[in-house]
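If you want the building blocks of each chain, they are given just below.
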Amino acid sequence: MNDQEIQEVRESFGRCTLKGDLIDRFYEIFLESHPDIKPRFANTDFTKQKELLRKGINIAILFGNDKVLGRKGIEKLRESHKRTKLNVSPSLYIYWKKSLLQAVSEYDYQYNRELETIWEKLIEKTITYIAEGYENN
Ligand code: HEM
(Lines give C-alpha, C1' and ligand atoms only; values in the text may rest on other atoms or scores of the structure.)
Protein backbone atom coordinates (compact mmCIF):
# COMPACT_ATOMS: atom_id res chain seq x y z
CA MET A 1 0.00 0.00 0.00
CA ASN A 2 1.30 3.48 -0.72
CA ASP A 3 2.06 6.23 1.81
CA GLN A 4 -1.05 8.18 0.86
CA GLU A 5 -3.33 5.20 1.58
CA ILE A 6 -1.61 4.48 4.88
CA GLN A 7 -1.96 8.13 5.88
CA GLU A 8 -5.70 7.99 5.09
CA VAL A 9 -6.13 4.95 7.33
CA ARG A 10 -4.14 6.55 10.15
CA GLU A 11 -6.26 9.67 10.03
CA SER A 12 -9.47 7.67 9.87
CA PHE A 13 -8.37 5.58 12.89
CA GLY A 14 -7.54 8.85 14.66
CA ARG A 15 -10.95 10.38 13.90
CA CYS A 16 -12.62 7.28 15.35
CA THR A 17 -11.26 8.17 18.79
CA LEU A 18 -13.18 11.47 18.64
CA LYS A 19 -16.44 9.58 18.88
CA GLY A 20 -15.45 7.20 21.67
CA ASP A 21 -14.22 3.68 22.05
CA LEU A 22 -13.96 2.07 18.63
CA ILE A 23 -12.45 -1.10 20.07
CA ASP A 24 -15.38 -1.57 22.47
CA ARG A 25 -17.76 -1.31 19.55
CA PHE A 26 -15.59 -3.66 17.48
CA TYR A 27 -15.78 -6.40 20.14
CA GLU A 28 -19.51 -5.87 20.56
CA ILE A 29 -20.00 -6.57 16.84
CA PHE A 30 -17.29 -9.21 16.47
CA LEU A 31 -18.39 -11.43 19.38
CA GLU A 32 -21.92 -11.64 17.95
CA SER A 33 -20.83 -12.05 14.33
CA HIS A 34 -20.42 -15.84 14.38
CA PRO A 35 -21.42 -18.45 17.00
CA ASP A 36 -17.85 -19.81 17.23
CA ILE A 37 -16.37 -16.49 18.26
CA LYS A 38 -17.88 -15.50 21.62
CA PRO A 39 -16.94 -18.75 23.42
CA ARG A 40 -13.30 -18.17 22.45
CA PHE A 41 -13.25 -15.04 24.57
CA ALA A 42 -15.04 -16.53 27.59
CA ASN A 43 -11.98 -16.09 29.83
CA THR A 44 -10.55 -12.98 28.25
CA ASP A 45 -9.68 -9.90 30.27
CA PHE A 46 -11.11 -7.25 27.98
CA THR A 47 -9.29 -4.38 29.63
CA LYS A 48 -6.04 -5.95 28.46
CA GLN A 49 -7.42 -7.35 25.23
CA LYS A 50 -8.67 -3.98 24.05
CA GLU A 51 -5.24 -2.43 24.52
CA LEU A 52 -3.64 -5.36 22.69
CA LEU A 53 -6.01 -4.97 19.78
CA ARG A 54 -5.38 -1.25 19.59
CA LYS A 55 -1.69 -2.11 19.25
CA GLY A 56 -2.61 -4.86 16.79
CA ILE A 57 -4.31 -2.36 14.50
CA ASN A 58 -1.31 -0.05 14.67
CA ILE A 59 0.91 -3.00 13.78
CA ALA A 60 -1.38 -3.80 10.83
CA ILE A 61 -0.99 -0.21 9.65
CA LEU A 62 2.82 -0.53 9.76
CA PHE A 63 2.57 -3.89 8.02
CA GLY A 64 0.41 -2.32 5.32
CA ASN A 65 3.23 0.10 4.67
CA ASP A 66 5.82 -2.73 4.59
CA LYS A 67 7.61 -1.45 7.67
CA VAL A 68 9.97 -3.90 9.41
CA LEU A 69 8.25 -3.37 12.80
CA GLY A 70 4.91 -4.13 11.20
CA ARG A 71 6.21 -7.33 9.66
CA LYS A 72 7.70 -8.47 12.97
CA GLY A 73 4.50 -7.71 14.87
CA ILE A 74 2.27 -9.46 12.36
CA GLU A 75 4.58 -12.47 12.39
CA LYS A 76 4.01 -12.74 16.15
CA LEU A 77 0.25 -12.61 15.64
CA ARG A 78 0.50 -15.20 12.89
CA GLU A 79 2.40 -17.39 15.33
CA SER A 80 -0.05 -16.92 18.24
CA HIS A 81 -3.17 -17.49 16.11
CA LYS A 82 -2.07 -20.67 14.32
CA ARG A 83 -3.71 -24.08 14.70
CA THR A 84 -1.39 -25.41 17.41
CA LYS A 85 -1.79 -22.25 19.57
CA LEU A 86 -4.95 -20.09 19.62
CA ASN A 87 -6.32 -22.21 16.76
CA VAL A 88 -8.17 -19.43 14.95
CA SER A 89 -9.68 -21.03 11.86
CA PRO A 90 -8.98 -19.05 8.66
CA SER A 91 -12.73 -19.05 8.02
CA LEU A 92 -13.23 -16.68 10.98
CA TYR A 93 -11.08 -13.85 9.68
CA ILE A 94 -13.82 -12.59 7.39
CA TYR A 95 -15.86 -11.78 10.53
CA TRP A 96 -12.96 -9.85 11.97
CA LYS A 97 -12.79 -7.84 8.77
CA LYS A 98 -16.53 -7.18 8.56
CA SER A 99 -16.70 -6.20 12.23
CA LEU A 100 -13.84 -3.74 12.02
CA LEU A 101 -15.20 -2.16 8.83
CA GLN A 102 -18.62 -1.84 10.46
CA ALA A 103 -17.18 -0.25 13.62
CA VAL A 104 -15.03 2.22 11.66
CA SER A 105 -17.99 3.16 9.44
CA GLU A 106 -19.95 4.07 12.57
CA TYR A 107 -17.14 5.98 14.27
CA ASP A 108 -15.34 7.91 11.53
CA TYR A 109 -17.58 10.85 10.66
CA GLN A 110 -15.74 11.23 7.35
CA TYR A 111 -16.18 7.61 6.34
CA ASN A 112 -16.88 7.06 2.64
CA ARG A 113 -16.51 4.44 -0.09
CA GLU A 114 -12.95 5.45 -0.82
CA LEU A 115 -11.92 4.99 2.81
CA GLU A 116 -13.79 1.71 2.95
CA THR A 117 -11.72 0.43 0.02
CA ILE A 118 -8.46 1.47 1.66
CA TRP A 119 -9.35 -0.04 5.05
CA GLU A 120 -10.43 -3.19 3.27
CA LYS A 121 -7.13 -3.41 1.44
CA LEU A 122 -5.21 -3.08 4.71
CA ILE A 123 -7.33 -5.66 6.53
CA GLU A 124 -7.19 -8.10 3.59
CA LYS A 125 -3.42 -7.93 3.47
CA THR A 126 -3.20 -8.50 7.23
CA ILE A 127 -5.67 -11.36 7.58
CA THR A 128 -4.35 -13.14 4.48
CA TYR A 129 -0.88 -13.17 5.99
CA ILE A 130 -2.06 -14.32 9.43
CA ALA A 131 -4.42 -16.97 8.06
CA GLU A 132 -1.71 -18.36 5.76
CA GLY A 133 0.29 -19.28 8.87
CA TYR A 134 -2.52 -21.44 10.27
CA GLU A 135 -0.85 -24.79 9.54
CA ASN A 136 2.71 -23.66 10.30
CA ASN A 137 4.61 -25.63 12.91
C1 HEM B 1 -6.20 -9.65 11.70
C2 HEM B 1 -6.99 -10.15 12.63
C3 HEM B 1 -6.64 -10.24 14.09
C4 HEM B 1 -5.80 -9.46 14.84
C5 HEM B 1 -5.00 -8.25 14.39
C6 HEM B 1 -5.83 -10.02 16.19
C7 HEM B 1 -5.13 -9.52 17.27
C8 HEM B 1 -4.98 -10.14 18.47
C9 HEM B 1 -4.09 -9.72 19.51
C10 HEM B 1 -3.17 -8.50 19.43
C11 HEM B 1 -4.22 -10.60 20.53
C12 HEM B 1 -3.46 -10.57 21.86
C13 HEM B 1 -2.03 -11.06 21.70
C14 HEM B 1 -1.91 -12.47 21.24
O15 HEM B 1 -2.49 -13.37 21.85
O16 HEM B 1 -1.20 -12.67 20.23
C17 HEM B 1 -5.20 -11.58 20.14
C18 HEM B 1 -5.63 -12.62 20.92
C19 HEM B 1 -6.69 -13.44 20.60
N20 HEM B 1 -7.35 -13.47 19.39
FE21 HEM B 1 -6.96 -12.33 17.79
N22 HEM B 1 -6.66 -11.10 16.23
C23 HEM B 1 -7.18 -11.27 14.97
C24 HEM B 1 -8.11 -12.20 14.58
C25 HEM B 1 -8.74 -13.06 15.43
C26 HEM B 1 -9.87 -13.87 15.07
C27 HEM B 1 -10.56 -13.92 13.69
C28 HEM B 1 -10.22 -14.57 16.17
C29 HEM B 1 -11.40 -15.53 16.22
C30 HEM B 1 -11.91 -16.08 17.28
C31 HEM B 1 -9.28 -14.21 17.23
C32 HEM B 1 -9.25 -14.73 18.51
C33 HEM B 1 -8.34 -14.41 19.48
C34 HEM B 1 -8.33 -15.03 20.80
C35 HEM B 1 -9.27 -16.11 21.31
C36 HEM B 1 -7.28 -14.41 21.50
C37 HEM B 1 -6.85 -14.71 22.94
C38 HEM B 1 -7.65 -13.91 23.89
C39 HEM B 1 -7.23 -14.20 25.33
O40 HEM B 1 -6.04 -14.06 25.62
O41 HEM B 1 -8.11 -14.57 26.11
N42 HEM B 1 -8.40 -13.29 16.74
N43 HEM B 1 -5.65 -11.28 18.88
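See the structure above.
As the structure is a prediction and not an experimental result, all values here were calculated from the model. (Residues numbered from 1 in each chain as written. Predicted model: local features only at pLDDT ≥ 70, side-chain atom pairs only at ≥ 80, totals over all residues. Heavy atoms only, no water.)

Counted according to the given criterion, the structure contains 18 salt bridges. Where Asp108 meets Arg15, a salt bridge forms, and the shortest distance between an N and an O atom there is 2.6 Å. Separated by 93 residues along the polypeptide, Asp108 in the loop between α5 (93-107) and α6 (113-132) and Arg15 in helix α1 (residues 3-19) bring together distant segments of the chain. Ionic pairing is found between Glu28 and Arg25, a salt bridge with its closest N-O pair at 2.5 Å. Within this pair, Glu28 and its partner Arg25 are both found in helix α2 (residues 22-32), separated by three residues, close to a single helical turn. (Salt bridge = Lys/Arg side-chain N within 4 Å of Asp/Glu carboxyl O. Helix = DSSP H or I, 4+ residues; strand = E, 2+ residues; numbered from the N terminus.)

With 17 residues, α1 should reach 24 Å at 1.5 Å per residue; the first-to-last C-alpha distance of 25 Å fits that figure. Along α1, the residues that are buried comprise Glu5, Ile6, Glu8, Val9, Ser12, Phe13, Arg15 and Cys16. Of the surrounding secondary structure, the elements contacted by the buried residues of α1 are α2, α3 (46-64), α5 and α6. At the N-terminal boundary of α1, the capping side chain belongs to Asn2, with an oxygen 3.1 Å from the backbone nitrogen of Gln4. Gly20 lies just past α1 and shows a positive phi near 145 degrees. (Expected span 1.5 Å × (residues − 1). Buried < 20%, exposed > 50% of the residue type's maximum accessible area, 1.4 Å probe, protein only. Contact = heavy atoms within 4.5 Å. Polar contact = N/O pair within 3.5 Å; in protein donor to acceptor, adjacent residues only side chain to side chain.)

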